[in-house]
Protein chains: 2
Amino acid sequence: MPMRQPLLVPDLRELIHAGERDAVREFLEEHHPGQVAELVEDLEPSEGDTLINLLEPRVRAEVMSYLEPETQVRVVEAMNPEDAATLLQVMSHDERAVLVKRLDDDIVDDILRRLANAEREDIRRLASYEQGTAGAVMTTDYATLPPDITVREAIDRLRREAPDKETIYYSYIVDENRKLLGLVSLKTLLLSRPRARIEEVMSTEPISARLDDDQESVARKIEDYDLIAIPVVDIDDRLVGIVTYDDAMDILQREQTEDILRFGGVAADHEEDEVPYWQSSVINAVRRRIGWLLLLFFGGTLTSFIVRMFHWVDVRLEPEINLAMFIPLLIGTGGNAGSQSVGTIIRGLALGEITRADAMRVLVREWTTGLLLGLLLGLLGFLYTWLILRNPPLVSLVIALAILGICTWANSVGALVPMLARRLGIDPAVVSAPMISTLVDATGLIIYYTIAIFLLATFMH
Amino acid sequence: MPMRQPLLVPDLRELIHAGERDAVREFLEEHHPGQVAELVEDLEPSEGDTLINLLEPRVRAEVMSYLEPETQVRVVEAMNPEDAATLLQVMSHDERAVLVKRLDDDIVDDILRRLANAEREDIRRLASYEQGTAGAVMTTDYATLPPDITVREAIDRLRREAPDKETIYYSYIVDENRKLLGLVSLKTLLLSRPRARIEEVMSTEPISARLDDDQESVARKIEDYDLIAIPVVDIDDRLVGIVTYDDAMDILQREQTEDILRFGGVAADHEEDEVPYWQSSVINAVRRRIGWLLLLFFGGTLTSFIVRMFHWVDVRLEPEINLAMFIPLLIGTGGNAGSQSVGTIIRGLALGEITRADAMRVLVREWTTGLLLGLLLGLLGFLYTWLILRNPPLVSLVIALAILGICTWANSVGALVPMLARRLGIDPAVVSAPMISTLVDATGLIIYYTIAIFLLATFMH
């Protein structure tokens, strides 16, 4: 989210209301389109529309790309269809396709009628790719070059075409069937002999993506190889679009905030995830959350059976000993240790630091970590229940051993479950803190009561 | 993490052992430096070193930038100091500074002696900036232009300097004191009249960062404004470096995986976080986790006091009624709902969808969501305890109302705590699922027993 510059708003508002069009225009020219977009968001809708109308078409298109989706829709629906068509013509191809999907169908028809056939087709095609694929996020305004022209001719051509292209820093070399042959950067062009032929200076076999590749894997490739853009090809290796680094950054940002949702135990599917916090209804929020809550609730009911099953232990113990009172502390600690472990493992998997082959090593390591944490917390639990709550030392020993056992167990479960998910081909990020807590609750109780039965026989009557 | 291409490794290994240097070199030339780096990682160290030695210096420097830090160190320490100095000369300035920090001091001295004074100073200065600031991630190999030359002269100059620059797609315009005056993109240069002066075509007041800005805020600016690089200035507005988009992607990736760690309740400070999973020792893992666990453990001890405090309720109830057995289910459900809520809010804050001014609205919304979820789960809890566990309907009603109350409460706490953290200037991502669970455990018990006392008076004797 861009940073706000609230100080500029009052000044600008004054200029707008005073009708100082030239002053406003000058003001706007001095700022980055992203900053102008922030101002539009901060102004009243009518003021924002005035601002947009003062911009020349190309700058207007740039500002559009930084506006929130709902503001984009508002701005376009307030324009006359002629202006809207002009705007779409200069907007970047991926962004206009996304915008058209959000507009009212009648308005879309009215605008598209005013565009050239090729533009209309381009918008329709881009809008038709399945959400979440390379096709749906790519743009079609990239620069191509034939392999047999010279470097000098190529630079001249780029110079002419630059205003209409999303980026001219990479050019893609295609044959007469648009089959992707190679890639040349503008830097390489500038460094090459003007008379060299493109095919001599281009790099062959460029890293590319396929139309139906998942958008996250495409964004990762851009990140891994520090690319400015990646070419997208169809099944016949024909170039059909490019995905640029700035879109890759947005995709990775969205995917990673999805991971936070999932880790909190909220179902985060792509489709609904596009909806910002305020746009999704409470009912929708309930729907996304109830599934996991229900499942965990059913898992949780197991705990009541287990407590009931072991109720006889408490009944047969001396009245001054009450094992049930430590249940929340013990299973809480287990849940916490397990959540830490899951967090660590999900992160290691996401960064590629942990691979499939590491399963055993990871388990041993997390088990050891859990053991050490359990020793520390167990000692603390012993002192707390013995010295502060004045339990008999044997009871305190039960608590201490239970903490040790539960920590070690929770840590192993927290490591094992995401690794297992990965092995089953499920995104390890679906393993949430609540899931591990619930898994560890019931099993933790069994550990607790088993230790109690073995150690507290002397206290039973 | 780059994708692996295991199929290439055996072929390449064969070529290396057969001493087919030309074939290997040809093979390497056809691949992206990032792919070559993957191969080096997959080969045995000695084979990898052979591969590196076959590369010409500039490609070698590029491959270095994709290697894991520990591989970089191994490769450089295996080189003779002369070659290492040549390598540092062509490596990008930010990466060599990071590398030098990891090398053994003796080796560093040996290498730096062989470099020109200016290069040595550059490395020392970049290595001296505080970790986590713009200074520590910026590079100094950017292109600058004076304001009074022509576009044609500028392009010629860039052409000459291009091989040594991290990027030539943006040039920074500075006066004789290196004060930043403006920015011009290569695209703009190509589109401008060759005789225009740079100051006529440059954009003034470019978006910039300060030396001591937090690296995450710098990366966010690059993301928000779709920049290829951002200039970094000192307190006198003098240009001292640039941060490029690919470094910004890495920073955001690291910061966001940190959020996952924190959400799992692991302290994730910048310094230690640089250490990959396998490089940090078990002791280190324990140290990073024990703090939160201890704090939560102390918070959790509260639950045992509360259960003991309300023990009289269970004692005075009919023997067939056992309230304690539902404790794990009830507080577990509260913790789960609370974790979901925190996840939702942290995400909304991270994406900027929720702002400070929204506190009240957020609270009302999450409260309502919690109420609806509580109604659903409460109804389920009623049916479960009444029909399956055969409790008297009044007891089942206690369970149902407790679930309703705890869900609503947990949801509000889960929304409130991250908002509060934000207001206090603390990163909301420190609020973890375990923290909310622990907060909700003790208060959930009070809700449960309070409802029980009011409704179950008839069952007491």
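Quick caveat: nothing in here was measured; it's all calculated off a predicted structure.

1. What about the overall build of chain A?
Argument step 1. Of the regular secondary structure elements, chain A holds 23 helices and seven strands.
Argument step 2. Taking 23 Å as the expected radius of gyration for a compact globule of 461 residues, we find that chain A reaches 31 Å, considerably beyond that expectation.
Argument step 3. For chain A, the C-alpha atoms occupy an extent of roughly 95 × 60 × 35 Å along the three principal directions.
Argument step 4. Burial analysis of chain A (461 residues in total) assigns 57% to the buried set.
Argument step 5. A sequence separation of at least 24 residues applies to 68% of the contacts in chain A between residues at least 6 apart.
Argument step 6. A total of about 19300 Å² of accessible surface is found on chain A, and carbon and sulfur atoms cover 56% of it.
Argument step 7. Seen as two clouds, the 44 positive and the 72 negative side-chain charges of chain A have centres 5 Å apart.

2. Points about the relation of the copies chain B and chain A
Argument step 1. Between the two copies, chain B and chain A, the superposition gives an RMSD of 0.2 Å; the rotation angle is 180° and the shift along the axis is 0.0 Å. Here the copies are linked by what is in effect a two-fold axis.

3. Brief notes about the interface of chain B and chain A
Interface size, as often reported, equals the accessible area lost upon joining of the parts.
Argument step 1. Taken together, the 126 residues of chain B in the interface contact 126 residues of chain A.
Argument step 2. Together, the buried faces of chain B and chain A total about 11700 Å²; carbon and sulfur atoms form 64% of this surface.
Argument step 3. Area buried by chain B at its contact with chain A is led by Tyr277, Trp278 and Arg365 of chain B, which between them contribute 8% of it.
Argument step 4. Applying the counting rule to chain B against chain A returns two salt bridges.
Argument step 5. Taking the shortest distance from any N to any O, the salt bridge between Glu366 of chain A and Arg289 of chain B comes out at 3.4 Å.

4. Structural notes on the packing of aromatic side chains
Argument step 1. As enumerated under the stated definition, the model contains 13 aromatic pairs over all chains in all.
Argument step 2. Through a chain of ring-to-ring contacts, three or more aromatic side chains come together here, namely Phe310, Tyr448 and Tyr449 of chain A.

5. A look at the sheet that holds strand S4 (residues 203–204) of chain A
Residue and element names in this part refer to chain A.
Argument step 1. Strand order in the open sheet formed by four strands is S1-S2-S3-S4, with mixed pairing between adjacent strands. Each edge of the open sheet is held by one strand with a lone partner, namely strand S1 (142–145) and S4.
Argument step 2. As paired strands, strand S3 (residues 180–185) and S4 are joined by two bridges and run antiparallel to one another. The residue bridging Gly182 from the neighbouring strand is Thr204, located in S4.
Argument step 3. Those strands touched by helix H12 (residues 151–161) are S1 and strand S2 (167–174), and its axis lies near 155° from that of S1.

6. What about helix H20 (residues 327–350) of chain B?
All names here are of chain B.
Argument step 1. End to end, H20 covers 34 Å across 24 residues, agreeing with the expected 34 Å (1.5 Å per residue, within 8%).
Argument step 2. Across the 24 residues of H20, 23 count as buried, placing the element largely inside the fold.
Argument step 3. One or two steps after H20, the chain reaches Gly352, where phi turns positive at roughly 75°.

7. Some thoughts on the sheet that holds strand S6 (residues 229–233) of chain A
All names here are of chain A.
Argument step 1. With respect to topology, three strands assemble into an open sheet ordered S5-S6-S7, the strand pairing being mixed. Each edge of the sheet is formed by a strand with only one pairing partner; in this case those strands are strand S5 (209–210) and strand S7 (239–244).
Argument step 2. With two bridges connecting them, S5 and S6 associate as parallel partners. Opposite Arg210, over in S6, you have Val233 as the bridge partner.

8. Description of the pairing of strand S7 (residues 239–244) of chain B
Residue and element names in this part refer to chain B.
Argument step 1. A large share of S7 lies buried, amounting to six of its six residues.
Argument step 2. Relative to S7, strand S6 (residues 229–233) runs antiparallel, the two being bridged by five bridges. The partner of Ile230 across the bridge, within S7, is Val243.
Argument step 3. Hairpin connection from S6 to S7: five residues lie between these consecutive antiparallel strands, with Asp237 at a positive phi of about 65°.

9. As for unusual backbone geometry
Argument step 1. Of note in this structure, Asp237 of chain A is not a glycine but carries a positive phi near 65°.
Argument step 2. With respect to the helices and strands, the residue Asp237 of chain A is situated in the loop between S6 and S7.

10. Side note on the side chain of Ser304 of chain A
Argument step 1. Structurally, the position occupied by Ser304 of chain A is in helix H18 (residues 282–309).
Argument step 2. Residue class for Ser304 of chain A comes out buried when judged on its relative accessible area of 0%.
Argument step 3. A distance of 2.8 Å separates the side chain of Ser304 of chain A from the side chain of Tyr384 of chain B, its partner in a polar contact.
Argument step 4. When near neighbours in sequence (up to four residues on either side) are disregarded, Ser304 of chain A contacts Met325, Phe326, Tyr384 and Leu389 of chain B.

11. Notes on the pattern of salt bridges
Argument step 1. The full count for this structure, using the stated rule, is 44 salt bridges over all chains.
Argument step 2. A salt bridge links Arg197 of chain B to Glu199 of chain B; the nearest nitrogen and oxygen atoms lie 2.0 Å apart.
Argument step 3. For Glu199 of chain B, a relative accessible area of 36% corresponds to the partly exposed category.
Argument step 4. Salt bridges sharing common partners tie together Glu82, Asp110, Arg113 and Arg114 of chain A.

12. Describing the nonpolar core
Argument step 1. Counting 108 residues, the largest nonpolar core has Leu323 and Tyr448 of chain A together with Leu323 and Tyr448 of chain B as its most contacted members.
Argument step 2. Not counting the four nearest positions on each side in its chain, Leu323 of chain B is found in contact with Val313, Asp314, Leu317, Tyr448, Tyr449, Ala452 and Leu456 of chain B.
Argument step 3. Ranked by size, the runner-up nonpolar core spans 107 residues in total, among them Val151 and Leu211 of chain A together with Leu145 and Ala154 of chain B.

13. Describing helix H12 (residues 151–161) of chain B
Argument step 1. Of the positions making up H12 of chain B, those classed as buried are Val151, Ala154, Ile155 and Leu158 of chain B. Projection of H12 of chain B onto a plane perpendicular to its axis shows the buried side chains occupying an angular sector of 95°, all on one side.
Argument step 2. Looking at the buried side of H12 of chain B, the elements it contacts are helix H13 (186–191) of chain A together with strand S1 (142–145), strand S2 (167–174), helix H13 (186–191) and helix H14 (198–201) of chain B.

14. Looking at the pairing of S6 of chain B
Argument step 1. The buried count for S6 of chain B comes to five of five residues, which makes it a mostly enclosed element.
Argument step 2. Burial along S6 of chain B is two-sided: the face carrying Ala229, Pro231 and Val233 of chain B and the face carrying Ile230 and Val232 of chain B are both buried.

15. Considering the confidence of the model for chain A
Argument step 1. With 97% of its residues at a pLDDT of 70 or more, chain A has an overall mean of 87.
Argument step 2. Across the interfaces of the predicted complex, the ipTM metric reaches 0.77, alongside a pTM of 0.78.

16. Observations regarding the side chain of Asp246 of chain B
Argument step 1. Along the chain, Asp246 of chain B falls in helix H16 (residues 245–263).
Argument step 2. No salt bridge is formed by the buried Asp246 of chain B, whose closest oppositely charged neighbour, Lys187 of chain A, lies at an N-O distance of 11 Å.
Argument step 3. Apart from residues lying up to four places away in sequence, Asp246 of chain B is in contact with Asp226 of chain A together with Glu166 of chain B.

17. Looking at a negative patch on the surface
Argument step 1. Taken together, Glu26, Glu29, Glu30 and Glu56 of chain A together with Glu205 of chain B make up a surface patch of like negative charges.
Argument step 2. Positionally, Glu30 of chain A belongs in the loop between helix H2 (21–29) and helix H3 (33–42).
Argument step 3. With a relative accessible area of 36%, Glu30 of chain A lands in the partly exposed category.

18. Some thoughts on the environment of Asp247 of chain B
All names here are of chain B.
Argument step 1. Secondary-structure assignment places Asp247 in helix H16.
Argument step 2. Note on Asp247: relative accessible area 13%, which makes it buried.
Argument step 3. Residues in contact with Asp247, not counting those within four places in the same chain, are Asp94 and Val137.

19. What to know about the environment of Ser192 of chain A
All names here are of chain A.
Argument step 1. Among the structural elements, Ser192 can be located in the loop between H13 and helix H14 (198–201).
Argument step 2. Sequence-wise, Ser192 and Ile327 are 135 residues apart; in three dimensions their C-alpha atoms are separated by 73 Å.
Argument step 3. Side-chain polar atoms of Ser192 contact the backbone oxygen of Thr188, separated by 2.7 Å.

What counts, and at which threshold
- Residues numbered from 1 in each chain as written.
- Chains lettered and ligands numbered in written order.
- Predicted model: local features only at pLDDT ≥ 70, side-chain atom pairs only at ≥ 80, totals over all residues.
- Heavy atoms only, no water.
- Helix = DSSP H or I, 4+ residues; strand = E, 2+ residues; numbered from the N terminus.
- Rg over C-alpha atoms; globule rule 2.2 N^0.38 Å.
- Buried < 20%, exposed > 50% of the residue type's maximum accessible area, 1.4 Å probe, protein only.
- Contact = heavy atoms within 4.5 Å.
- Areas by Shrake-Rupley, 256 points an atom, 1.4 Å probe, with all protein chains shown as cover.
- Lys, Arg positive; Asp, Glu negative; His and termini not counted.
- Charge placed at Lys NZ, Arg CZ, Asp CG, Glu CD.
- Least-squares fit on C-alpha atoms with pLDDT ≥ 70 in both.
- Buried area = accessible area lost by both parts, 1.4 Å probe.
- Salt bridge = Lys/Arg side-chain N within 4 Å of Asp/Glu carboxyl O.
- Phe/Tyr/Trp six-rings, centres within 6.5 Å; stacked < 30°, edge-to-face > 60°.
- Pairing = 2+ DSSP bridges.
- Axes fitted to C-alpha atoms, helices over the stretch in contact; angles between N-to-C directions.
- Expected span 1.5 Å × (residues − 1).
- Polar contact = N/O pair within 3.5 Å; in protein donor to acceptor, adjacent residues only side chain to side chain.
- Core = buried A, V, L, I, M, F, W, Y, C linked by side-chain atoms within 4.5 Å.
- Arc of directions from axis to C-beta.
- pLDDT = per-residue confidence, 0-100.
- Patch = residues over 30% accessible without salt bridge, like charges linked within 9 Å, V, L, I, M, F, W, Y side chains within 5 Å.

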